[in-house]
Amino acid sequence: MASTNDLKNGLVLNLDGELWAVVEFQHVKPGKGGAFVRTTLKNVLSGKVVDKTFNAGTKVETATVDKRTMQYLYQDGEDFVFMDLDTFDQITVPGGTVGEAANYLLPEAEATVATHEGVPLYIELPTSVFLEVTYTEPGLQGDRSTGGTKPATVETGATVQVPLFITTGEKIKVDTRDGRYLGRS
């Protein structure tokens, strides 16, 4: 148990049997009445975001979330297999839990796997990764870096919008949060 005065970004709360991560919080002391804490919470499993207000000093139940750096090994059907780099234990993470991160996940890549009571909650990737372009239409004479973009398929199978001068076989840097092209490697 913790007090609302102990809230900080990233803390995971157990509210009504569901896990909610604190995205943002603000202590408010109005001129009249008691102080309160305004929070923005994100459901760890579904990703739903809600605003919730607590009276200052209210006790809230915190959840223990274990975050470990793990190495992605391979995909087993819909599931993804990761290995703990400290203990070499392997853990299977359902495809639904990995979600969009699968578009930027290469074998032997490191990721942070968050678990609660042994159940994988979510995967955190580095903010950017380097991926090889496996196919893109060739650029035409006269295409410049200030021009438009074209779709390119990268080695994970994801499609990224890249500048017209990028060719098949080049390595590009991609933002894992929104899939944006960040540059060449």
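This one's a predicted model, so the numbers in the text were calculated from it and none came from an experiment.

This part takes up the UniProt feature "domain: Translation elongation factor P/YeiP central" (unreviewed entry) in the chain. In the numbering used here, UniProt assigns the "domain: Translation elongation factor P/YeiP central" (unreviewed entry) feature to residues 67-121. Annotated as residues 67-121, this span is 7% helix and 55% strand, and its ends, taken at the C-alpha atoms, are 10 Å apart.

Counted under the stated rule, the structure contains eight salt bridges. Of the charged contacts in the structure, one is a salt bridge between Arg68 and Asp84, with a shortest N-O distance of 2.9 Å. Remark: Asp84 occurs in strand E8 (residues 79-84) and Arg68 occurs in strand E7 (residues 66-76); sequence separation between them is 16 residues. Its relative accessible area of 33% is what places Arg68 among the partly exposed residues. Accessibility expressed as a relative area gives 4% for Asp84, which makes it buried. Between Asp175 and Arg180 there is a salt bridge; the shortest N-O distance is 3.3 Å. Via salt bridges that share partners, Asp175, Arg177, Asp178 and Arg180 belong to a single interconnected network.

Calculation criteria
- Residues numbered from 1 in each chain as written.
- Predicted model: local features only at pLDDT ≥ 70, side-chain atom pairs only at ≥ 80, totals over all residues.
- Heavy atoms only, no water.
- UniProt positions renumbered as here; feature names shortened; annotations may be inferred.
- Helix = DSSP H or I, 4+ residues; strand = E, 2+ residues; numbered from the N terminus.
- Salt bridge = Lys/Arg side-chain N within 4 Å of Asp/Glu carboxyl O.
- Buried < 20%, exposed > 50% of the residue type's maximum accessible area, 1.4 Å probe, protein only.

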